[in-house]
Number of protein chains: 2
Amino acid sequence: MTITGLHEQNSADVVVDSFRDTPDERLKTVLSSLVEHLHAFVKDVEPTHLEWEQAIAFLTAVGHMCDDTRQEFVLLSDVLGVSMLVDAINNRRSETATDTTVLGPFHMVSSPARELGANISLDAVGEPCVFAGQVRSVDGTPLAGARVDVWQANGAGFYDVQQPDLQPERNLRGLFVADHDGRFWLRTVVPRFYPIPDDGPVGKLLAATKRHPNRPAHIHVIAEADGHAPVTTHVFVEDSPYLDSDTVFGVKESLIRPVVLVDDPRRADQYEVANPFQLIEFDVILDPVAS
Amino acid sequence: MTITGLHEQNSADVVVDSFRDTPDERLKTVLSSLVEHLHAFVKDVEPTHLEWEQAIAFLTAVGHMCDDTRQEFVLLSDVLGVSMLVDAINNRRSETATDTTVLGPFHMVSSPARELGANISLDAVGEPCVFAGQVRSVDGTPLAGARVDVWQANGAGFYDVQQPDLQPERNLRGLFVADHDGRFWLRTVVPRFYPIPDDGPVGKLLAATKRHPNRPAHIHVIAEADGHAPVTTHVFVEDSPYLDSDTVFGVKESLIRPVVLVDDPRRADQYEVANPFQLIEFDVILDPVAS
């Protein structure tokens, strides 16, 4: 019998070979790649036994922090930029289409259907503003009847699900249907930046690396239209703190919009607000998909 | 303000840059390397969102399996060959010195000091045999008074700590002091192969890749002598099943020894056993360390 043995030189090859009988080809591919990159990492940093034990202890603490309402491994993926990378890989699109960003953990409840112009701020915590835009195809065609799902934190930086005792159910959530011209508009408040949960091992990691836990102020948007690839994205509020250091790396420059003070009685009437009023405008451009 | 944004092309660089203020240089180095290899892995396999969720769920299940007596992340490290790689990196030694292998999870209790020749098989489960050898320096000098720590599974494939109700405490464990000629000898039983715990997510991974969970039969040895680098290793039993497919990749050809039937009344007397008797011989060669 020949025993190959695992040495520094052949370690990844030996382990990859152990997967040779894996029935699922995709699983075999993923595990083989994982082993190659993981062993390359270990050879790169040459951990001591103590460091290896610390790594095991960290992963164990991350696992123990996970329960029905807390997913610490997703947070770890977020702060290491992996969630955004997976998002980028799965959302390659034309240069003119609206950029995507991560879904985030707060889409856990569905948005209620609301009429165009509705006020989704049920707790009135924050500065009132209008959020409006147009959904178009990349060639400029307005996409009548596009579905626009919107959710956000209030002016104190909390989502409804984080404050079930303080915020009305489904506060700051709405599912809208764009008009014949692809336009949508609604009343809301300017969201505030907020920290991701940082009382667990991922928070300790951020502290040890002198990173803050904050995400800049944003409104989440999912836009869908027939014959087009849907987009999951955020609109980021210009002048929000942390735009250049989002702890989950979600910001793209193309997604930043100012809060503009509009002095126009006709438009104020249209949005059913007092003049002047604050406005965030965000047009969404979707790629057509081959039918 | 310039927002760099995280894209497929720059993702690792952007995240590595976020660690720029990390006070601990070693932590910064390790995290930077981790991010580079992790992002390279993700770009290599291009996981779908569903696959990414499955990876998160797997890691979460591994974490939830860990408790005071079960370390599923260590098992994961073991079956991916990472534990052996860390062992190899931390035990570079001369070609003639005894090869190392992993400590394993069963050294959780200390071995009791025993006299040379003692019988460590307190439950008598297994075929009796003598385990003997000599501890030498690489130049051949016997290392008088070397400490030899031995522990093993019984003939049914279980360690004492796995069967607290069936095996006497400290069964099959002993800490011996070699004689003036560096020799040690003791009575024991031939160990049996055994499976690592496979009722958790790591066991599911092994099943999905058609790998068995077994380790070939072995006796654990830690040998130490003044002025020399200690060695943590196993002696593997020739003819044991799974020598060529140890699920934790611990086998090295240099560590395999036969169980030999010895017909020699004088040696039988020396070991206080009936003639003929079974014998496993294992000499340990240690590297001197600069003082």
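Residues numbered from 1 in each chain as written. Chains lettered and ligands numbered in written order. Predicted model: local features only at pLDDT ≥ 70, side-chain atom pairs only at ≥ 80, totals over all residues. Heavy atoms only, no water.

K.L.:
Tell me what's going on with the overall build of chain A, and back it up with residues and numbers.
P.N.:
Per the secondary structure count, chain A includes 7 helices and 12 strands. Overall size of chain A, expressed as C-alpha extent along the three principal axes, is 85 × 45 × 30 Å. Residues classed as buried in chain A amount to 52% of the 291 residues present. Here chain A displays about 13,000 Å² of accessible surface, and carbon together with sulfur accounts for 53% of that area. (Helix = DSSP H or I, 4+ residues; strand = E, 2+ residues; numbered from the N terminus. Buried < 20%, exposed > 50% of the residue type's maximum accessible area, 1.4 Å probe, protein only. Areas by Shrake-Rupley, 256 points an atom, 1.4 Å probe, with all protein chains shown as cover.)

K.L.:
Which residues make up the relation of the copies chain B and chain A, and what values do they have?
P.N.:
Overlay of chain B on chain A (RMSD 0.0 Å): rotation 180°, translation along the axis 0.0 Å. Taken together, these values place the two copies in the relation of a two-fold axis. No C-alpha of chain B approaches the rotation axis more nearly than that of Gly63 of chain B, which lies at 2.0 Å. (Least-squares fit on C-alpha atoms with pLDDT ≥ 70 in both.)

K.L.:
Can you break down the pattern of salt bridges residue by residue, with the values?
P.N.:
For the structure on display, the rule yields 28 salt bridges over all chains. Among the salt bridges present, the one from Glu25 of chain A reaches Lys28 of chain A, with a minimum N-O distance of 3.7 Å. Residue Glu25 of chain A and its partner Lys28 of chain A are both found in helix α2 (residues 25–45); the two are separated by 3 residues, about one turn of the helix. For Arg92 of chain B, the salt bridge goes to Glu46 of chain A, with nearest N and O atoms at 2.7 Å. (Salt bridge = Lys/Arg side-chain N within 4 Å of Asp/Glu carboxyl O.)

K.L.:
Quick rundown of the sheet that holds strand β9 (residues 256–257) of chain A? Include the residues and the values.
P.N.:
Residues and elements named next belong to chain A. Ordered in space as β3-β2-β7-β8-β9, the 5 strands form an open sheet in which the pairing is mixed. Across the chains shown, the open sheet's two edge strands, defined by having one partner strand only, are β3 (173–177) and β9. Where strand β2 (residues 147–152) meets strand β7 (residues 218–224), 6 bridges bridge the pair, whose relative direction is antiparallel. Counterpart to Gln152 in the pairing with β7 is Ile219. (Pairing = 2+ DSSP bridges.)

K.L.:
Break down unusual backbone geometry for me, with residues and values.
P.N.:
Residues and elements named next belong to chain A. Cis geometry marks the peptide bond from Asn275 to Pro276, where omega comes out at -10°. Inspection of the secondary structure assignment puts Pro276 in the loop between α7 (265–271) and β11 (277–281). One non-glycine residue with positive phi stands out, namely Lys210, at about 55°. With respect to the element layout, Lys210 can be found in the loop between α6 (201–208) and β6 (214–215). The exposure class assigned to Lys210 is exposed, which follows from its relative accessible area of 57%. Positive phi, close to 75°, is recorded for Asp239, a residue that is not glycine. In this fold, Asp239 is placed in the loop between β8 (231–237) and β9.

K.L.:
Go over the confidence of the model for chain A with me, naming the residues and quoting the values.
P.N.:
Of the residues in chain A, 99% have a pLDDT of 70 or more, and the chain-wide mean is 96. Confidence metrics for the complex model read pTM 0.93 and ipTM 0.93. (pLDDT = per-residue confidence, 0-100.)

K.L.:
Lay out the interface of chain B and chain A in plain terms, naming residues and giving numbers.
P.N.:
Opposite the 74 residues of chain B that make contact, chain A presents 74 residues. Note on chain B versus chain A: buried area summed over both sides is about 6,700 Å², and carbon and sulfur give 69% of it. Counting across the chain B and chain A interface gives 6 salt bridges. Across the pair Arg26 of chain B and Glu51 of chain A runs a salt bridge whose closest N-O atoms are separated by 2.8 Å. (Contact = heavy atoms within 4.5 Å. Buried area = accessible area lost by both parts, 1.4 Å probe.)

K.L.:
Please provide a residue-by-residue account of the pairing of β2 of chain A, values included.
P.N.:
Residue and element names in this part refer to chain A. Here β2 lies mainly inside the structure; 5 of its 6 residues are buried. Of the pairings in the sheet, the one linking β2 to β3 comprises 5 bridges and is antiparallel in character. In the strand pairing of β3, Trp151 is matched with Arg173.

K.L.:
Could you give me a rundown of the side chain of Ser32 of chain B, with the residues and numbers involved?
P.N.:
Secondary-structure assignment places Ser32 of chain B in helix α2 (residues 25–45). The residues touching Ser32 of chain B, leaving out its near neighbours within four places in the chain, are Val16 and Phe19 of chain B.

K.L.:
Can you tell me about helix α6 (residues 201–208) of chain B, naming the residues and giving the values?
P.N.:
Three or more residues of α6 of chain B are buried, namely Pro201, Val202, Gly203, Leu205 and Leu206 of chain B. Summarising the contacts, the buried residues of α6 of chain B are in contact with α2 of chain A together with α3 (49–65) and α4 (72–79) of chain B. Looking at the residues trailing α6 of chain B, positive phi occurs at Lys210 of chain B, about 55°.

K.L.:
Would you mind going over the packing of helix α4 (residues 72–79) of chain A against α6 of chain A in detail, with residue names and values included?
P.N.:
For any two helices packed against each other, the geometry comes down to the angle between their axes and how far apart the axes lie. Residue and element names in this part refer to chain A. One can describe the packing of α4 onto α6 by two numbers: an axis separation of 9 Å at closest approach and a directional angle of 25°. Relative to α6, the element α4 is oriented roughly parallel. Between α4 and α6, the residues in contact are Glu72, Leu75, Leu76 and Val79 and Pro201, Val202, Gly203, Leu205 and Leu206, respectively. (Axes fitted to C-alpha atoms, helices over the stretch in contact; angles between N-to-C directions. Parallel < 35°, antiparallel > 145°, perpendicular 65-115°, else oblique.)

K.L.:
Could you give an account of helix α1 (residues 11–18) of chain B, with specific residues and numbers?
P.N.:
Looking only at α1 of chain B, the buried set comprises Ser11, Ala12, Val14, Val15 and Ser18 of chain B. One side of α1 of chain B holds all its buried residues, which, seen down the axis, span an arc of 160°. (Arc of directions from axis to C-beta.)

K.L.:
Explain the sheet that holds strand β7 (residues 218–224) of chain B residue by residue, including any values.
P.N.:
All names here are of chain B. The 5 strands lie next to each other as β3-β2-β7-β8-β9, forming an open sheet whose pairing is mixed. The open sheet is flanked by β3 (173–177) and β9 (256–257), the only strands paired with a single partner. Two elements, strand β8 (residues 231–237) and β9, share 2 bridges in a ladder whose sense is parallel. The residue bridging Phe236 from the neighbouring strand is Ile256, located in β9.

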